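Reading the structure
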Amino acid sequence: MFGKSRSVAVALAAASALVLSACGGDDGGGGDADSDEPISIGIIADLSGATGDVGTPYNQGMLAYIKWRNGDGGIEGRQIAAESNDYAYEVPQAESLYKQYVNDGVVAIQGWGTGDTEALSGSVGKDELPFMSGSFAEPLTDPAEAPYNFVVAPTYSDQMRVALNWINEDSGGSGEVAVFHNDSPFGQAPVQDGEDWVAEKGYDLGYQAYAMPAGSQNYVGLLSQAQAQGAKYIVIQNVASPAALVAKDIAAQGLDMKIVCLNWCANELFIDSAGADVAEGHILIQPFAPMSVEKPGHEPINEYLEAEGTDPETIGTSWVQGWYAMHAMAEGIEHTLVEGNELTGANIRESLETMGPIDTGEVIGGGPLEFSADSHRGSTSTGIYQAQDGMMVELEAGATP
Amino acid sequence: MAATATGIHHRSYTSELRLRATRAEYFRLGLMTVLLLVLPFVLDNYWLSIANTILIAVIGAVGLNILVGYTGQISLGQGGFMAVGAYSSAILSDRIGLPTPLAILLAVLLTAAVGVFFGLPGLRLKGLYLAIATLASQVIIEFLVRRDIGDFLTEGLGYINVDRLAFLGFEIGGRDVFEQQWYWILLVLAVLTVISARNIFRTGLGRSFMAVRDQDIAAEAIGVNLTRAKLTAFAVSSGFVGLAGSLTAHYSEVVSWEKFTLDVSILYLAMIIVGGLGSIAGAVYGAVFMTLLPELIRRLANALESTMPFLGDQLPAVRNATFGAVIIAFLIFEPRGLDRIWQRMKDYVRFWPFRY
């Protein structure tokens, strides 16, 4: 009897040892400056989670940039090999992917959400991996707090400040502002800074924050609270789909309120989901120039789209964001290689901090990006747009707080 | 005592009390030990990180099983209790500056106390009603750590960065050895957890837990102090859960509320249901299974992506669906979980060629 169970057990052990050893990873990425191995980058993307509506085009933009750049000869003759996986906006999934990328020997990581970027900021600091993400939360710009995080756009807080400046002007100096935010670290990021800004500037604006319950089918309840507050302006820090619902509810209720969308709802997707009539007149704070506003930085994108046979009309701002976030990373890597340094996370970080302005063809905040050893805030300026006839029309380029 | 084809026969009380009775059991124990010792040398860092996640899950699942599986008190507050352990240990060690082992110990005690507090409704409530009461503990704790009123917990940052684990002059190293060193620490703690939990149920206290589960009125009639048994069960269980929480904090080096949501409570419940309610080994199997499952699904989906692209596109949905299907399948086909399946496999081998 024992003989049997023993041989089964031994067989099992042998089989599992075989499986386990097969799981061994390989060391890609890094290496000498003059090697021609591909440069491996890990991408943590939200394709199917709570922010997948803008996360998917963002990811597509990144992959498109990599394809374009590789077709163009890569970075200093080396191809970019990106691993991209969906984490469904769940922090533990992001952590698991991060560990996988570290193990695979990536030299840099492109992340997505605020919660997971913050959760990983300690680890990327210790593992010395430059990390850019779709999150523009203020704490990530401070190298003392998050040494390897780089923020490629004005922070949510800066965008909120620009929004409040605009509201102050538009309202003639007094009014009530309701802030509707995603109920997560992403949504909460600019809320307190906005309140402080009103106090600091001495604006005569009422300021009240409301968390938007996840998965809500309508926001009539929240709007009635905002109405009780007397709000004429609703600043939304959320992704496009829920923001579009708010716009629809405002229209359906016949309320006299103007939406000011920050970043992730300030895009064509918001206008299209709400409908051009409903979106008409709402304000969009968007640091990345949409395709409809032609900037020099859109040229490589147009080139690429033409080669791919894609209609530029179908390309939203989130896609452009992904493209240029990857561009910033690629420029840092290129500088490291040009300088003849070994391609490590620490060297890429140093390049990003010391290389001076990164040209974005006026796409990001109407100017270049620049990082320094004291600040990883790439830019403070953002465009202000208005939804007019279903298009994003530029009101102001390069607005700063 | 030797096993025979007809079963295991004990000839003395001591032999009955033994944890292992047959040579096959000792052999499997040896095999398991060798496997666990060899693991960090054959796995790469990524798989080791999964092994480490499993070891933490083992501690948490064993803790939960003490309460749910052994004492019959359903708890949906797992995530909340883990949060208590994680936040208190991170604050005690990093902000107040206590040595990490002491901080973890205090966190365990604090979580046990919080567990007792939220276990109080258990004195009056049973079954589904208690489940709802513990759900309240989850929601309350989650609310507190999420809103962080007065910025006491995270100092306005929204999360706590935890320093790399260091104690007695030893510090966990860089990314080459990080997972391996953690593996040894977590392995020791997980093994201690399993051994001590296993032994609780050989004592009067542990038996009183089971008596409460099986029939609380009868238990009271034979002299079990229900109040004491239930509250001790909450304390012991929450203590282990707090340990899992504080280890999560130090291992992942960041504490944010997003890691302690209701989903976590449900995941842990799923672990012990799939593994086997009322079985320490079951909790271990469940933790291994439920941690590996999403990983294996992802690998499978990636491998099949060329032939079945929808699997890759809809991966999280596929994963959730599989999760649900697995739990339902276990409830239907083997409510006593993986542990029972393993028992049956052993019996099959032992009794072969007879069926029983």
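Residues numbered from 1 in each chain as written. Chains lettered and ligands numbered in written order. Predicted model: local features only at pLDDT ≥ 70, side-chain atom pairs only at ≥ 80, totals over all residues.

**Side note on the overall build of chain B**
A tally of regular secondary structure across chain B gives 15 helices and six strands. The C-alpha radius of gyration of chain B comes to 21 Å, within 12% of the 21 Å expected for a compact globule of 356 residues. Put simply, 73% of the contacts in chain B that link residues at least 6 apart link residues at least 24 apart. (Helix = DSSP H or I, 4+ residues; strand = E, 2+ residues; numbered from the N terminus. Rg over C-alpha atoms; globule rule 2.2 N^0.38 Å. Contact = placed C-beta atoms within 7 Å.)

**Section: the overall build of chain A**
Helix and strand counts for chain A stand at 14 helices and 12 strands. Against the compact-globule benchmark of 21 Å for 401 residues, chain A has a radius of gyration of 23 Å, which places it among compact chains. Taking the principal axes of its C-alpha atoms as reference, chain A extends roughly 80 × 60 × 45 Å. Burial status across chain A gives 55% buried among its 401 residues. Pairs at least 24 apart in sequence give 69% of the contacts found in chain A among residues at least 6 apart. (Buried ≥ 20, exposed ≤ 12 C-beta atoms within 10 Å, placed from the backbone.)

**Brief notes about the domain arrangement of chain A**
Residue and element names in this part refer to chain A. Its domain assignment divides chain A into domain 1 (39-154 + 294-380) and domain 2 (157-286). Computed over C-alpha atoms, the centres of domain 1 and domain 2 are 27 Å apart. The interface of domain 1 with domain 2 comprises 17 residues on the first partner and 18 residues on the second. Among the elements of the structure, helix 2 (52-71), helix 4 (114-127) and helix 13 (317-338) are those that each provide at least two residues to the side of domain 1 that touches domain 2. Looking at which element gives the most residues to the side of domain 1 that touches domain 2, the answer is helix 4, with three residues. When the residues that make up the side of domain 1 that touches domain 2 are grouped by side-chain class, the tally is five nonpolar, nine polar and three charged. (Domains from an automatic or database assignment. Nonpolar A, V, L, I, M, F, W, Y, C, P; charged D, E, K, R; others polar.)

**Examining the sheet that holds strand 4 (residues 131-132) of chain A**
All names here are of chain A. With respect to topology, five strands assemble into an open sheet ordered 2-1-3-4-5, the strand pairing being parallel. Here the strands that pair on one side only, and so sit at the sheet edges, are strand 2 (80-86) and strand 5 (149-150). In this structure, strand 4 lies alongside strand 5, joined through two bridges in parallel fashion. When the sheet's bridge partners are listed, Phe131 is paired in strand 5 with Asn149. Strand contacts of helix 3 (residues 91-104): strand 1 (39-45), strand 2 and strand 3 (108-110), with the helix running at about 175° to strand 1, the strand carrying the most contacts. (Pairing = 2+ DSSP bridges. Axes fitted to C-alpha atoms, helices over the stretch in contact; angles between N-to-C directions.)

**Describing the nonpolar core**
By size, the foremost hydrophobic cluster in this structure holds 215 residues, and its most contacted members are Ile234, Cys261 and Phe270 of chain A together with Met271 of chain B. If you tally residues by element for this core, the top one is helix 3 (residues 45-70) of chain B, at 17 residues. Two domains share this core, each providing at least three of its residues, namely domain 1 (39-154 + 294-380) and domain 2 (157-286) of chain A. Sequence-distant contacts of Cys261 of chain A, defined by excluding residues within four places in its chain, comprise Ile236, Ala243, Ala266, Phe270, His282, Ile283, Leu284 and Ile285 of chain A. (Core = buried A, V, L, I, M, F, W, Y, C linked by C-beta atoms within 7 Å.)

**A short note on the sheet that holds strand 7 (residues 204-212) of chain A**
Across a sheet, strands are paired by hydrogen bonds formed along the backbone, either parallel or antiparallel in direction. All names here are of chain A. One open sheet accounts for seven strands, arranged 7-6-8-9-10-11-12; its pairing is mixed. Each edge of the sheet is formed by a strand with only one pairing partner; in this case those strands are strand 7 and strand 12 (391-399). Here the strands of the sheet are splayed against their neighbours by 20° on average, with no regard to which way each runs. Pairing analysis gives six bridges linking strand 11 (residues 382-388) to strand 12, with the strands arranged antiparallel. Bridge assignment links Gln388 to a residue of strand 12, and that residue is Met391. Packed onto the sheet, helix 7 (residues 191-201) meets strand 6 (174-182) and strand 7 and runs at close to 170° relative to strand 7.

**Thoughts on the packing of helix 3 of chain B against helix 11 (residues 262-275) of chain B**
Residues and elements named next belong to chain B. Between helix 3 and helix 11, the least distance of the axes is 9 Å, while the angle of their chain directions is 75°. One way to sum up the angle between helix 3 and helix 11 is to call them roughly perpendicular. Of the residues in helix 11, those in contact with Ala57, Gly60, Ala61, Leu64, Asn65, Val68 and Gly69 of helix 3 are Tyr268, Met271, Ile272 and Gly275. Here the residues of the contact of helix 3 with helix 11 are counted per class, giving seven nonpolar, four polar and no charged. (Parallel < 35°, antiparallel > 145°, perpendicular 65-115°, else oblique.)

**Here's the deal with helix 2 of chain A**
All names here are of chain A. Given a rise of 1.5 Å per residue, 20 residues ought to cover 28 Å, and the 28 Å separating the end C-alpha atoms of helix 2 matches this to within 8%. Among all positions of helix 2, only Gly52, Asp53, Val54, Gly55, Pro57, Tyr58, Asn59, Gly61, Met62, Ala64, Tyr65 and Ile66 are buried. In the segment just after helix 2, Gly73 is the residue with positive phi, at about 105°. (Expected span 1.5 Å × (residues − 1).)

**Observations regarding the environment of Thr53 of chain B**
By secondary structure assignment, the location of Thr53 of chain B is in helix 3. A tally of 22 C-beta atoms within 10 Å means that Thr53 of chain B is categorised as buried.

**Section: unusual backbone geometry**
Residues and elements named next belong to chain A. The backbone of Tyr89 sits at a positive phi, close to 60°, despite the residue not being glycine. Considering the arrangement of structural elements, one finds Tyr89 in the loop between strand 2 and helix 3. When the 25 C-beta atoms within 10 Å are taken as the criterion, Tyr89 is described as buried. Even without a glycine there, the phi angle at Asn263 is positive, about 35°. Residue position: Asn263 is located in the loop between strand 9 (258-262) and helix 10 (268-274).

**Notes on helix 4 of chain A**
Residue and element names in this part refer to chain A. For helix 4, which comprises 14 residues, the first-to-last C-alpha distance of 19 Å matches the rise-based estimate of 20 Å (1.5 Å per residue) to within 8%. Its axis deflected by about 40° at Ser121, helix 4 carries its strongest bend there. Turning to helix 4, its buried residues number three or more, namely Thr114, Gly115, Asp116, Thr117, Glu118, Ala119, Leu120, Ser121, Gly122, Ser123 and Val124. Phi turns positive one or two residues past the end of helix 4, at Glu128, with a value near 55°. (Bend = angle between axes of the 7 residues up to and from the residue.)

**A word on the environment of Asn45 of chain B**
In this structure, Asn45 of chain B sits in helix 3. Residue classification places Asn45 of chain B among the buried positions, given that 21 C-beta atoms sit within 10 Å. Apart from residues lying up to four places away in sequence, Asn45 of chain B is in contact with Val102 and Asn103 of chain A together with Glu179 of chain B.

**Regarding the confidence of the model for chain A**
A residue-level look at chain A finds 92% of positions with pLDDT of 70 or above and a mean pLDDT of 86. Segment residues 1-10 of chain A: pLDDT under 50, and 11 contacts once partners within four positions in sequence are set aside and those in other chains are kept. (pLDDT = per-residue confidence, 0-100.)

**Looking at the packing of helix 4 (residues 78-95) of chain B against helix 10 (residues 226-252) of chain B**
Residues and elements named next belong to chain B. Where helix 4 contacts helix 10, the axes come no closer than 7 Å and their chain directions differ by 55°. Considered as vectors, helix 4 and helix 10 are oriented oblique to each other. Crossing hand, helix 4 versus helix 10: right-handed. When helix 4 is examined against helix 10, the residues Gln78, Phe81, Met82, Ala83, Val84, Gly85, Ala86, Ser89 and Ala90 are found in contact with a partner set consisting of Ser238, Val241, Gly242, Leu243, Ala244, Gly245, Ser246, Thr248, Ala249 and His250. (Left-handed = near helix turned anticlockwise from the far one by under 90°.)

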